Amino acid sequence: MSNTRMREDEFLEGIKSHDRRSLAKMLSLCEKDPETANVLLDKLEKKTSHVVGITGSPGVGKSTLISAILDKMNGKNVGVIVVDPSSPFTGGALLGDRVRMQSHATNEKFFIRSFANRGALGGLSPSIYEACDTFESFGMDNVIIETVGVGQSEIDVSNIADTVIVVLSPDNGDEIQMMKAGLMEIADLFVINKSDNPRSQILLSRLRAMTAGSKEVPIYLTNAVTSEGVERLVRALDSRFFQILSDGTLSQKRRKRLLNHVKSMIRRELDRLVQSFEIDGISPKEMRDHIIEELCRKKRL
Amino acid sequence: MIKVMIAKPGLDGHDRGAKVVAKALRDAGMEVIYTGIRQTPEQIAQSAVDEDVDVLGISILSGAHMKLVPKILELLKKMGSNMPVFVGGIIPKEDAKRLKEIGVVEVYGPGTPTSEIAEQVRKFVEHSNA
Amino acid sequence: MNNGELNEKYKEWDKKTEEILKKYPERGEFKTTWGGETKRLYTPLDVGDYSNIGFPGEYPFTRGVQPTMYRGKLWTMRQYAGFGNAEESNKRYKYLLEQGQSGLSVAFDLPTQIGYDSDDPHSLGEVGKVGVAIDSLSDMETLFDGIPLDKVSTSMTINSTASILLAMYMTVGEKQGVSREKLRGTIQNDILKEYIARGTYIYPPQPSMRIITNIFEFCSKEMPLWNTISISGYHIREAGADAVQEVAFTLADGIEYVKAAIEAGLDPNLFGRRLSFFFASHNDFLEEIAKFRAARRMWAKIMKERFGVTNHSAMRLKFHTQTSGSTLTAQQPDNNIVRVTIQALAAVLGGTQSLHTNSRDEALALPTEESVRIALRTQQIIGYESGVPKTVDPLAGSYYIESLTDSIEKRAFDYIDKIEKMGGMVKAIEAGYVQQEISNRAYEYQQAIESEKQIVVGVNKFTSEEEPLKTTLKVNDDAEKEQIKKLRILKKGRDNEKVENALKRLENVAKSDENIMYPIVDAVKAYATIGEIANVMRKVFGEYKESITL
Ligand SMILES: Nc1nc2c(ncn2[C@@H]2O[C@H](COP(=O)(O)OP(=O)(O)O)[C@@H](O)[C@H]2O)c(=O)[nH]1
Ligand SMILES: [Mg+2]
């Protein structure tokens, strides 16, 4: 059998029987051919993982924190999705988050996968929904997603994650600026990482002052390098999951995620159509009408 | 889209070559996962399979290549992968020959132009997809 | 002629030359390794008032750290190489001592340098490879068996596990009846450049700096003759830095260590005298000479102006130089002899205190004996035949050399200021800034070679079909097995309860702010292994993961 091919039914069997290599291949399919991936996903049993999104400026310690979280997740199955930016010029990308998690590379309970954002805005990969569904169908207890962490508009993670952690660090001077740009609203938990830096206390009181009055968002202090405070964070994540499961928040979130998944599928098809159109001598309006016609004609994508 | 992993087994920290190659492949439009230094054969093989990369590049300068490369190939095989693997570093000719015999697709010595490596990586991928 | 007249003359000449260029254009653009402009001609206009360069042996030491330089004594020709296991090395040391050498250098294998025991999975294939394998005090006892430690000076290339190996060396000395304060030698102990370039780090920068500070303090009390650090630009340069970056990052590391020493309560007037540096010498001959001169002047200024040092010998930048391994080519390896000659000559004209010349076949494998000999002969020819050591700093006053020296100094100080603004070298490293600057330069250099803007003879020009040099990369696999066997026996035979207790105490001290050297010494005495000791600290301090900033 060749390296890159695996038959569809083999995928399905593999995923069902918890075969690591099938999971790897299925995730590649999500990137290469998301339509087929969606067809296959429909044939798999739906399971629910706690999907945790982690966002924050570059360098605050997101990847290191994930590694520390994995240390405290013994016994659980965890899928990790890390996203890095693609170059808008060459399309190439350097995927470097994995470096910080390599001590877990051979742990059979964990599965780490790197994605390039391939031009997608919002700090995630264009196939993020399919990838996340794949991990869930595989039976992961948790799925952790690390966003690109460059833009200020990385709020897409709240469209997919059940719980969003916004990570801040006292090293980054522009944190408060970031908060104003919308990250504040999506945070379910704040982590102030690099607690070994004495200035983390100042950041803590500033953040407390800023969040006072709005919905109550807990703040955790961690040192991702030595794992200090990480156990508490992990326990908080677990209890939050039970909380949102029982109070109906989770089903709300899942509904939102489903809608966003659908939107992303439609957008993908739309993009494809727009790209494939000859634009010579056609007005924008005519083009739109053609595309809509095309979409309707093709009822089933 | 070609996905490559550049891995550095062994304990030496001489990552100049590995980084230059990683950067060149990225600039050639590929998605490159660089593992960082000090990776065990187990970490490298498992990561390459999990990431389902099209090609694996191994950079070794510590002189431990005859132990580490065969081990990585053996592990990949065990995991059911036959992805193309290339090696870069200070590799004596007779060792390079031996490595190719056991399945390494190419061995690059110091001074190989990165453009040549990028071009060949494309070929390895075409070849393994054929 | 005064400057005004000279300026007029210069303009005239320049104008005429521009005319000639229309007919006979130059070969291309000329630049320094850091991309600065190299002018067609340098004149007194480029150097300002250089009557203030000063004198050798006097502040700011631009012309050398001693008044007589090589007229008194040639530089030390120091060639070192690593040998497999402790027994072999011990034999070699005894041979060298019989030959009248009194300085020993020890190279350790990578597991020892990174705090892994020989049976650790990380050590596979690496045991005894680039130096001796030391797992415990027992191996160190073998290494120095029958060597009177009060009679020798030992230089150890060791960084993140320097505390442990120093403790072992000291203990071996005590067992021989030589007290600590009599021991002489050096540990490299320069952890910052490990993060920047060389890669044998273990813990994150902050706790590593704490360990170094503890070593400084310990040695100032217990081992006053010991040189506690050798600040190294060599590996920074070899990782792809240009000459300015090499100077800037090395001196910025130096600043960080002096700050740490002062924090530990040491007097920089005394501590400064125990510092030494280690640089690379590359192919751009004149630039390299200027680099060494600039570094010397900068360090003197830093010690005096920034740290308020008044003792002149604490301002002197003394350095070892090694020719550049990364400029040697696998193609046409004999050409490397010429490269090494140029580089060695630059180091001597730059005023080095000691020199290692590389062997021609290093780009291929471990050097042959013949190659090692040629490398040493190269130094001897420079020393005894070339005539350059006859006078001190012979190139001083060259308009170009002086102008380059000034501009390297200026640019390097700009970098140092920038690093200071980031909060110092530790912060700059954590942010990946320094690594990225170097990696960018390395990539640019590679691109320049590929586009043939940079010619490398025998690689991208003047290539020829050739018979490859016979290489010898002999790997003794038995060494690994034997070392592991010894380790197993050791672990069975020692008092394991004592080991446990010592490690427990080490953990407690690591968590406190007491000096960590004392419990390390106790653990070493109980025959705890390097891996066991390092693991305790890994648990407390965490492990450093490199910043991937390509
Ligand atoms: N001192 C300290 N450094 C940390 C901590 N967490 C992460 N770092 C360092 O911060 C840098 C960036 O970490 P990384 O996980 O790559 O950040 P990301 O870009 O947010 O994923 C690295 O050098 C880490 O070692 C921490 O808690 N304390
Ligand atoms: Mg990251």
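Conventions we followed
- Residues numbered from 1 in each chain as written.
- Chains lettered and ligands numbered in written order.
- Predicted model: local features only at pLDDT ≥ 70, side-chain atom pairs only at ≥ 80, totals over all residues.
- Heavy atoms only, no water.
- Salt bridge = Lys/Arg side-chain N within 4 Å of Asp/Glu carboxyl O.
- Helix = DSSP H or I, 4+ residues; strand = E, 2+ residues; numbered from the N terminus.
- Buried < 20%, exposed > 50% of the residue type's maximum accessible area, 1.4 Å probe, protein only.
- Contact = heavy atoms within 4.5 Å.
- Buried area = accessible area lost by both parts, 1.4 Å probe.
- Polar contact = N/O pair within 3.5 Å; in protein donor to acceptor, adjacent residues only side chain to side chain.
- Nonpolar A, V, L, I, M, F, W, Y, C, P; charged D, E, K, R; others polar.
- Core = buried A, V, L, I, M, F, W, Y, C linked by side-chain atoms within 4.5 Å.
- Phe/Tyr/Trp six-rings, centres within 6.5 Å; stacked < 30°, edge-to-face > 60°.
- Axes fitted to C-alpha atoms, helices over the stretch in contact; angles between N-to-C directions.
- Left-handed = near helix turned anticlockwise from the far one by under 90°.
- Pairing = 2+ DSSP bridges.
- Domains from an automatic or database assignment.
- Patch = residues over 30% accessible without salt bridge, like charges linked within 9 Å, V, L, I, M, F, W, Y side chains within 5 Å.
- Areas by Shrake-Rupley, 256 points an atom, 1.4 Å probe, with all protein chains shown as cover.
- Disulfide = S-S within 2.5 Å.
- Donors = N, O, S within 2.8 Å, 3.2 Å for Na, K, Ca; no water.
- Near = heavy atom within 4 Å.

**Things to note about the pattern of salt bridges**
Reasoning step 1: Across all of its chains, the model carries 68 salt bridges over all chains by this definition.
Reasoning step 2: Among the salt bridges present, the one from glutamate 256 of chain C reaches lysine 259 of chain C, with a minimum N-O distance of 3.6 Å. Taken as a pair, glutamate 256 of chain C and lysine 259 of chain C lie in helix H9 (residues 243-263) at a separation of 3 residues, close to a single helical turn.
Reasoning step 3: A residue is classified by how much of its surface remains accessible, and glutamate 256 of chain C, at 11% relative accessible area, is buried.
Reasoning step 4: Its salt-bridge partner being lysine 301 of chain C, residue glutamate 409 of chain C comes within 2.5 Å of it at the nearest N-O pair. With a gap of 108 residues between them, glutamate 409 of chain C in helix H14 (residues 399-421) and lysine 301 of chain C in helix H11 (residues 285-306) connect regions that are remote in the sequence.
Reasoning step 5: We classify glutamate 409 of chain C as buried; its relative accessible area is 8%.
Reasoning step 6: Residues joined by salt bridges that share partners form a network here, namely Asp133, Glu136, Asp162, Arg254 and Arg257 of chain A.

**What about the interface of chain C and chain A?**
Reasoning step 1: In this complex, chain C contributes 10 residues to the contact, which on the side of chain A involves 6 residues.
Reasoning step 2: For the pair chain C and chain A, the summed buried surface comes to about 760 Å²; carbon and sulfur atoms form 60% of the total.
Reasoning step 3: One can count 0 salt bridges joining chain C with chain A.
Reasoning step 4: The tally of links between chain C and chain A comes to 2 residue pairs in polar contact (both at pLDDT 80 or more).
Reasoning step 5: Among the residues forming the side of chain C that touches chain A, the class breakdown is 5 nonpolar, 2 polar and 3 charged.

**Some remarks on the nonpolar core**
Reasoning step 1: Counting residues in each nonpolar core, the largest one holds 96 residues, and the members touching the most others are Ile6 and Val121 of chain B together with Trp299 and Met425 of chain C.
Reasoning step 2: The element that contributes the greatest number of residues to this core is H9 of chain C, accounting for 12 residues.
Reasoning step 3: By size, the runner-up hydrophobic cluster in this structure holds 60 residues, among which are Leu165, Val524, Ala534 and Phe541 of chain C.

**Section: unusual backbone geometry**
Reasoning step 1: A cis amide bond links tyrosine 59 of chain C with the next residue in sequence, proline 60 of chain C, at an omega value of -5°.
Reasoning step 2: Counting through the fold element by element, proline 60 of chain C comes out in the loop between helix H1 (3-23) and strand S1 (76-77).
Reasoning step 3: In this structure, lysine 194 of chain A takes a positive phi of about 65° despite not being glycine.
Reasoning step 4: Inspection of the secondary structure assignment puts lysine 194 of chain A in the loop between strand S7 (189-192) and helix H8 (200-211).
Reasoning step 5: Despite not being glycine, tyrosine 527 of chain C has its phi angle at roughly 65°, a positive value.
Reasoning step 6: Within the secondary structure, tyrosine 527 of chain C is located in the loop between helix H19 (517-525) and helix H20 (530-541).

**Some thoughts on the packing of aromatic side chains**
All names here are of chain C.
Reasoning step 1: Evaluated as defined, the whole model comprises 22 aromatic pairs over all chains.
Reasoning step 2: Between tyrosine 10 and tryptophan 13, the aromatic rings sit 5.9 Å apart at their centres with planes inclined by 40°, giving tilted as the arrangement. Note that tyrosine 10 and tryptophan 13 are positioned in helix H1 at a spacing of 3 residues, about one turn of the helix.
Reasoning step 3: Look at phenylalanine 144 and tyrosine 169: their rings are 5.1 Å apart centre to centre, the planes differ by 85°, and that puts the pair in the edge-to-face class. Within this pair, whereas phenylalanine 144 is found in the loop between helix H4 (137-143) and strand S3 (153-157), its partner tyrosine 169 is found in helix H5 (residues 162-176), the two being separated by 25 residues in sequence.

**Here's the deal with helix H2 (residues 41-50) of chain B**
Reasoning step 1: Counting buried positions along H2 of chain B gives 9 out of 10 residues, so the element sits mostly inside the fold.
Reasoning step 2: Buried positions along H2 of chain B lie against helix H2 (20-32) and strand S4 (110-116) of chain A together with strand S1 (3-7), strand S3 (55-60) and helix H3 (65-78) of chain B.
Reasoning step 3: Aspartate 52 of chain B sits one or two residues past H2 of chain B and shows a positive phi near 50°.

**Some details on the packing of helix H18 (residues 496-511) of chain C against H20 of chain C**
All names here are of chain C.
Reasoning step 1: Where H18 meets H20, the closest approach of the two axes is 9 Å, and the angle between their N-to-C directions is 35°. Every pair of crossing elements has a handedness; the one defined by H18 and H20 is right-handed. The residues of H20 that touch H18, namely those facing Val499, Leu503, Leu506, Glu507, Ala510 and Lys511, are Glu532, Ile533, Val536, Lys539, Val540 and Phe541.

**Focus on the sheet that holds strand S2 (residues 78-84) of chain A**
Backbone-to-backbone hydrogen bonds pair the strands of a sheet. The strands run either parallel or antiparallel.
All names here are of chain A.
Reasoning step 1: Strand order across the open sheet formed by 7 strands is S4-S2-S5-S1-S6-S7-S8, with parallel pairing between neighbours. Unpaired on one side and paired on the other, S4 and strand S8 (219-221) mark the two borders of the sheet. Taken over all neighbouring pairs, the strand axes of this sheet differ in orientation by 20° on average, direction set aside.
Reasoning step 2: Pairing of strand S1 (residues 50-55) with strand S6 (residues 163-168), which is carried by 4 bridges, proceeds in the parallel orientation. Within the sheet, the bridge partner assigned to isoleucine 54 lies in S6 and is isoleucine 165.
Reasoning step 3: Relative to the sheet, helix H5 (residues 128-138) contacts S1, S2, S4 and strand S5 (142-146), its axis offset from that of S2 by approximately 165°.

**Some thoughts on the pairing of S2 of chain A**
All names here are of chain A.
Reasoning step 1: For S2, the buried fraction is high: 7 of the 7 residues fall into the buried class.
Reasoning step 2: The alternating pattern of S2 places Val78, Val80, Val82 and Asp84 and Gly79, Ile81 and Val83 on opposite faces, both of which are buried.
Reasoning step 3: One ladder, built from 7 bridges, connects S2 with S4; its direction is parallel. Following the sheet pairing, valine 82 is matched in S4 by serine 114.
Reasoning step 4: Summarising the sheet, S2 and S5 pair through 5 bridges and their orientation is parallel. Residue pairing in the sheet places glycine 79 in a bridge with valine 143 of S5.

**Details of the domain arrangement of chain A**
All names here are of chain A.
Reasoning step 1: Segmentation of chain A into domains returns domain 1 (46-246) and domain 2 (257-299).
Reasoning step 2: Put simply, the middle of domain 1 and the middle of domain 2, counted by C-alpha atoms, are 33 Å apart.
Reasoning step 3: Taken residue by residue, the interface counts 10 residues in domain 1 and 6 residues in domain 2.
Reasoning step 4: At the boundary of domain 1 with domain 2, total buried surface from both sides reaches about 670 Å², with 38% on carbon and sulfur atoms.
Reasoning step 5: Counting the surface domain 1 buries against domain 2, the share from its top three residues, Tyr129, Glu130 and Asn159, is 65%.
Reasoning step 6: The interface formed by domain 1 and domain 2 holds 3 salt bridges in total.
Reasoning step 7: Among the ionic pairs, glutamate 136 bridges to arginine 257, the shortest N-O distance being 2.5 Å.

**Brief notes about a nonpolar patch on the surface**
Residue and element names in this part refer to chain A.
Reasoning step 1: Taken together, the side chains of Leu258, Val262 and Ile266 present a nonpolar region at the surface, about 260 Å² in accessible area.
Reasoning step 2: The residue leucine 258 is located in helix H10 (residues 249-276) in this model.
Reasoning step 3: Using a relative accessible area of 54% as the deciding quantity, one classes leucine 258 as exposed.

**Digging into the state of the cysteines**
Reasoning step 1: Scanning the model with the defined rule gives 0 disulfides over all chains in all.
Reasoning step 2: Here cysteine 30 of chain A stays free of any disulfide, with the sulfur of cysteine 132 of chain A as its closest cysteine sulfur at 10 Å.

**Digging into the coordination of the magnesium ion (ligand 2)**
Residue and element names in this part refer to chain A.
Reasoning step 1: Only Ser63 (OG), Asp97 (OD) and Glu146 (OE) from the protein reach the magnesium ion (ligand 2) as donors, at distances of 2.1 to 2.2 Å.
Reasoning step 2: The sequence motif formed by the donor residues of the magnesium ion (ligand 2) is S-x33-D-x48-E. With aspartate 97 in the loop between strand S3 (93-95) and S4 and glutamate 146 in strand S5, this pair connects stretches of sequence that are 49 residues apart.
Reasoning step 3: The exposure class of aspartate 97 is buried, given its relative accessible area of 10%.
Reasoning step 4: On the basis of relative accessible area, glutamate 146 is assigned to the buried category, the value being 3%.

**Thoughts on the interface of chain B and chain C**
Reasoning step 1: Between chain B and chain C, the contact holds 36 residues from the first and 43 residues from the second.
Reasoning step 2: A combined buried area of about 3100 Å² lies between chain B and chain C, and 57% of that area is made up of carbon and sulfur atoms.
Reasoning step 3: Three residues, Leu11, Arg16 and Arg38 of chain B, lead the burial of chain B against chain C; their summed loss comes to 25% of the area buried on that side.
Reasoning step 4: Here chain B and chain C share 1 salt bridge between them.
Reasoning step 5: Lysine 67 of chain B is the partner of glutamate 480 of chain C in a salt bridge, and the nearest nitrogen-oxygen pair spans 3.8 Å.
Reasoning step 6: Our count for the contact surface shared by chain B and chain C stands at 10 residue pairs in polar contact (both at pLDDT 80 or more).
Reasoning step 7: Of all the elements in the fold, those that place two or more residues in the side of chain B that touches chain C are helix H1 (16-27), H3, helix H4 (93-101) and helix H5 (114-129) of chain B.

**What to know about the site of ligand 1**
Reasoning step 1: Around ligand 1 sit 18 residues in total, of which Gly59, Lys62, Thr64, Arg100 and Asp196 of chain A are the nearest.
Reasoning step 2: Surrounding ligand 1 are residues belonging to chains A and C, so the site spans chains.
Reasoning step 3: For ligand 1, an oxygen atom lies 3.2 Å from a polar atom in the side chain of glutamate 146 of chain A.
Reasoning step 4: Across the complex, the protein chains shield 88% of the 580 Å² of accessible surface that ligand 1 would expose by itself.
Reasoning step 5: Of the residues contributing to the shell around ligand 1, the split by class is 4 nonpolar, 8 polar and 6 charged.

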